[in-house]
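# Tertiary structure, described
Take a look at the letters that make up each chain.
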Amino acid sequence: MTLEFLTPSGAVAHSPMERQARAAGARFEVRDGWNVAVEYPHPERQALRETAGWADLSHLPKFEDGVDMTCAYAALLIAGPLSRELIARFSAVDLRASAPGDVMPVSIARTPGAVLVQDTDRYLLRFGAALGEYMWEVVGDAGGRLGAVPVGVDSLDA
Amino acid sequence: VPALEYLDARQARVAGITCLLLRIGFVGELGYELHFPAALGEPLWDALIAAGEPHGLKPFGLEAQRLLRAQKQHIIVGQDTDSESTPYGAAMPWIVKLDKPQDFVGRWALEHAAGEPPAAALVGFEMADGHVPAEGSVVLPDGQVTSAYRSPQLGRVIGLAWVPAAHAEDGRTITISDGGRRYTATVATKPFYDPEGKVLRG
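Note that the coordinates shown come from a computational prediction; the quantities given were computed from them, not determined experimentally.

### So, the pattern of salt bridges
Residue and element names in this part refer to chain A.
- Taken as a whole and assessed by the stated rule, the structure comprises 16 salt bridges over all chains.
- The partner of R31 in a salt bridge is E29, with the nearest N and O atoms 2.8 Å apart.
- Note on R31: relative accessible area 26%, which makes it partly exposed.
- Salt bridges linked by common partners bring R27, E29, R31, E39 and D154 together as one network.

Structure representation (structure tokens):
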């Protein structure tokens, strides 16, 4: 028997953070079989330039030992000049010494996860899919105090 | 699903979603288990509810599941067993295949356990007076209740308990101590519901 059933197919997949993204005003588009929050009705790019933004990237393919773990994990990208400051509020990981490309297994808000360092102001957090709602709340709570906002994936290309 | 027999497994598309489809029967009725990517849970749930609506399909909760499985004497590992339990004591020696050519986790321990008759046995019991003993209640002189439920379907209070192996026979009276009082129960080694497994395999 193959493990084909582990890979999302045949219906639109939903992130565990979709409801919170929708409540925050997200506009969704179906991309690669996932309902993806692409845009919010607030100044996303300004936040990414001046404070920080978080984007739900749970739709990104994730593999472990050749097995598709895309649906086992959810992912949030934290980007912007205050992204390290934001992450420091719910994780003890020291990102100052990290370099782009580093993957660090860390505790995120007291749950097992990992940080992929994309750049000095851009970090991808990976954590258990079932913890998505909790993680959005933690990041939103910490981010709100820093002026960070949720951002859509389309704001990340700029 | 034609030709999917009890305990068969196969990959199948359900509501357009590729699932691992298992025919199992934890609750003792004809049943299937669907495994699928978590992110597709909502569309699959919606499709099942819509397709089942004309047939009276309803979701059911864990409490119902636990009672129904107890009627079948299907164990919950960790509730009805602990780290000292073996499949031999838990009345499921059939599940161990020591003639397998491959090695497997626990083989050494099971080979040793298979050679010694277990001191304790997991059995079903039925309360004489309708009292639901607390899980963890002591079975005198040596044992404990691991599960107990009032079954509306059977009209009885049933459960699972570890008892001395010599007491594991149908109709044997056992004494359960709960909250400082003693209660009488009767041992049942066969499932309370569908003991022949006709519903499950039918």
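### Considering the interface of chain A and chain B
- Counting from both sides, the interface comprises 17 residues of chain A and, opposite them, 18 residues of chain B.
- Of the roughly 1,300 Å² buried where chain A meets chain B, counting both sides, 61% is carbon and sulfur surface.
- Measuring nitrogen to oxygen at the nearest pair gives 3.2 Å for the salt bridge that ties R19(A) to E42(B).
- At the junction of chain A with chain B, the criterion picks out 5 residue pairs in polar contact (both at pLDDT 80 or more).
- Looking at side-chain class alone, the side of chain A that touches chain B contains 10 nonpolar, 5 polar and 2 charged residues.

### A short note on the sheet that holds strand β3 (residues 32–35) of chain B
Residues and elements named next belong to chain B.
- Judged by pairing direction, the sheet is antiparallel, and its 3 strands sit side by side in the order β1-β2-β3 without closing on themselves. Unpaired on one side and paired on the other, β1 (9–14) and β3 mark the two borders of the sheet. Each adjacent strand pair in this sheet contributes to an overall mean axis angle of 35 degrees, direction not counted.
- Note: strand β2 (residues 17–23) against β3, 4 bridges, orientation antiparallel. Looking at the pairing, R23 lines up with Y32 of β3.

Each value, and the rule that gives it
- Every chain is numbered independently, its residues counted from 1 as its sequence is written.
- Written order decides the labels, with chains lettered from A and ligands numbered from 1.
- Local features in a predicted model are, by the rule used here, given only for residues with pLDDT of at least 70; side-chain atom pairs are given and counted only at 80 or more, and totals for whole chains, interfaces and linings are based on all residues.
- Just so you know, side-chain values use all the structure's heavy atoms and leave hydrogens and water out.
- Counted as salt bridges are all cases of a side-chain nitrogen of Lys or Arg within 4 Å of a carboxyl oxygen of Asp or Glu.
- Buried means the residue's accessible area, taken with a 1.4 Å probe over protein chains only, is under 20% of the maximum for its type, while exposed means over 50%, and partly exposed covers the values in between.
- Only heavy atoms enter the contact rule, under which two residues are in contact if any of them lie within 4.5 Å.
- Once two parts are brought into contact, the accessible area they lose, counted with a 1.4 Å probe and summed over both, makes up the buried area.
- Think of a polar contact as two N or O atoms within 3.5 Å of one another; within protein, one of them needs to be a possible hydrogen donor and the other a possible acceptor, and neighboring residues in sequence only count if both atoms come from side chains.
- Amino acids are sorted into nonpolar (Ala, Val, Leu, Ile, Met, Phe, Trp, Tyr, Cys and Pro), charged (Asp, Glu, Lys and Arg) and polar (every other residue, Gly among them).
- Here a strand pair is declared whenever DSSP counts at least two bridges between the two strands.
- Under the DSSP-based scheme used, a helix requires at least four consecutive residues in state H or I and a strand at least two consecutive residues in state E, with every element numbered from the N terminus.
- Fitted lines through C-alpha atoms give the axes, limited to the stretch in contact for helices. The angle between two N-to-C directions lies from 0 to 180 degrees.

Honestly, it's all geometry; don't read function into it.
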